[in-house]
Amino acid sequence: MIKRNSKQTPSSSSDSGFTIIESILGLLVAAILLAAISPILVISTATRVQSRRIEKATQVANTFIDGVRTGSIKAPSEYSSDNKIELDAATKDAPRTLSQSLITLTTMPVPTTSTKTNLYLFRKDGSICHVSETGCTTDSNNAFEEYYIQARQIMVKSSGSSDGYRLAMRVYRTDVDFDKPLLASESPNKRSVSPVTGGLGNKQAPLVERTADIGNISTSFQALCQRLGIAPDKDGKAQNCQ
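Thresholds applied
- Residues numbered from 1 in each chain as written.
- Predicted model: local features only at pLDDT ≥ 70, side-chain atom pairs only at ≥ 80, totals over all residues.
- Heavy atoms only, no water.
- Salt bridge = Lys/Arg side-chain N within 4 Å of Asp/Glu carboxyl O.
- Helix = DSSP H or I, 4+ residues; strand = E, 2+ residues; numbered from the N terminus.
- Buried < 20%, exposed > 50% of the residue type's maximum accessible area, 1.4 Å probe, protein only.
- Patch = residues over 30% accessible without salt bridge, like charges linked within 9 Å, V, L, I, M, F, W, Y side chains within 5 Å.
- Areas by Shrake-Rupley, 256 points an atom, 1.4 Å probe, with all protein chains shown as cover.
- Contact = heavy atoms within 4.5 Å.
- Phe/Tyr/Trp six-rings, centres within 6.5 Å; stacked < 30°, edge-to-face > 60°.
- Disulfide = S-S within 2.5 Å.
- Pairing = 2+ DSSP bridges.
- Core = buried A, V, L, I, M, F, W, Y, C linked by side-chain atoms within 4.5 Å.

Trainee: Account for the pattern of salt bridges, naming residues and giving values.
Mentor: A full pass over the atoms with the stated rule returns seven salt bridges. In this structure, aspartate 88 and lysine 157 form a salt bridge, with 3.2 Å as the shortest nitrogen-oxygen distance. Highlighted residues: aspartate 88 in the loop between β1 (84–87) and β2 (119–122) and lysine 157 in the loop between β4 (147–156) and β5 (165–173), separated in sequence by 69 residues. Take aspartate 88: its relative accessible area is 52%, and that puts it in the exposed class. Where arginine 173 meets aspartate 175, a salt bridge forms, and the shortest distance between an N and an O atom there is 2.9 Å. For arginine 173, a relative accessible area of 7% gives the class buried. Here the salt bridges share partners, and the residues they tie into one network are Arg166, Asp213 and Arg227.

Following this line, the structure appears as structure tokens:
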């Protein structure tokens, strides 16, 4: 009997699979690409978190201002007279300067302890308390949702309750380390946090620094003029409040 030799048909290139070497090269290329874009992903995520934190801190500052304006939150000077930054009334001979209406490290030093008399606490439930009050403590489990508010009043010496004032404030994270120096802006150096960061951000720096004018329907133009000053006349000469 004659046996026929069966011929094996070689497989086409379209039917062949990847070799081990090709698979390893593919994984190597993917690893290189991931390593190249991972810093971008980290920066993108950190920036998004930091921007959200700054946005929240801005909302906290607005809530605090509204509370002080309506009287639902006590003004800083009601807790301590040290929370007053008193200025002489603006006059023709001593006009108000811009620097007098800004926050400085001299007029409002950074807090050195969580029990400072010019610190308020914004809690997760949206309420604001003063750290000197009973039960006004932070919750370590909600550090992202709670903030410290440092505040003082910029006002004219011997001004009355209806004369108004300028509210100066800084908003810090509650996970700040009071055993280390806190930061704050001092012209011309801005020290508040930047929304662009490659990590968790500097927790010692303020998220927000701002001032806001606090007055009421009884605040007179004279009181405003003495506190804020008056623009020079058309000839550039200083004017008195009248």
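Following the structure, the description resumes.
Trainee: An account of a nonpolar patch on the surface is needed here, citing residue identities and associated values.
Mentor: Nonpolar side chains collect at one region of the surface, where Ile21, Leu25, Leu28 and Ile32 lie side by side and expose about 420 Å² of accessible area between them. Residue placement: leucine 25 occurs in helix α1 (residues 20–70).

Trainee: Describe the environment of valine 208, with residues and values.
Mentor: With respect to the secondary-structure elements, valine 208 resides in strand β6 (residues 208–214). According to the relative accessible area criterion, valine 208 is buried, its value standing at 10%. Taking the C-alpha atoms as reference points, valine 208 and alanine 61, 147 residues apart in sequence, are found 7.8 Å from one another. Apart from the residues lying within four places of it in its own chain, the contact partners of valine 208 are Ile54, Ala57, Thr58, Ala61, Met169, Arg170 and Val171.

Trainee: Outline the packing of aromatic side chains, listing residues and values.
Mentor: Taken as a whole and judged by the stated rule, the model has three aromatic pairs. Measuring from ring centre to ring centre gives 5.7 Å for tyrosine 148 and phenylalanine 178, while their planes differ by 70 degrees; the resulting arrangement is edge-to-face. Of this pair, tyrosine 148 sits in strand β4 while phenylalanine 178 sits in the loop between β5 and β6; the two residues are 30 residues apart in sequence, bridging distant segments of the chain.

Trainee: Account for helix α2 (residues 221–228), naming residues and giving values.
Mentor: If you check which residues of α2 are buried, you get Ala223, Cys225 and Arg227. Buried residues belonging to α2 abut β4, β5 and β6. With its phi angle positive at about 90 degrees, glycine 229 sits one or two positions after the end of α2.

Trainee: Quick rundown of the state of the cysteines? Include the residues and the values.
Mentor: For the structure on display, the rule yields one disulfide. Note that cysteine 129 is cross-linked by a disulfide to cysteine 136, the S-S spacing being 2.0 Å. Looking along the S-S bond of the cysteine 129-cysteine 136 disulfide, the torsion reads about 80 degrees, which is the right-handed sense. Here cysteine 129 and cysteine 136 have matching classes, each one buried.

Trainee: Tell me about the pairing of β2, and please be specific about residues and values.
Mentor: Neither face of β2 is left uncovered, since the one carrying Leu119 and Leu121 and the one carrying Tyr120 and Phe122 both have all their residues buried. Inspection of the sheet shows β2 paired to β4 by four bridges, in the antiparallel sense. Across the sheet, residue leucine 119 finds its bridge partner in β4, namely glutamine 150. Here β2 runs beside strand β3 (residues 128–130); their pairing, made up of three bridges, is antiparallel.

Trainee: Please give an account of the nonpolar core that cites residues and values.
Mentor: Among the nonpolar cores identified, the biggest contains 27 residues, and Phe64, Ile149, Leu167 and Met169 are the most heavily contacted of them. Secondary structure elements with two or more residues in this core: α1, β2, β4, β5 and β6. In terms of residue count, α1 provides more of this core than any other element does, seven residues in total. Other than its neighbours up to four places away in sequence, phenylalanine 64 contacts Ile73, Tyr120, Ile128, Ile149, Ala151, Leu167 and Met169. In terms of nonpolar packing, the next biggest core, distinct from the first, is built from 12 residues, Val110, Leu121, Tyr148 and Phe178 among them.

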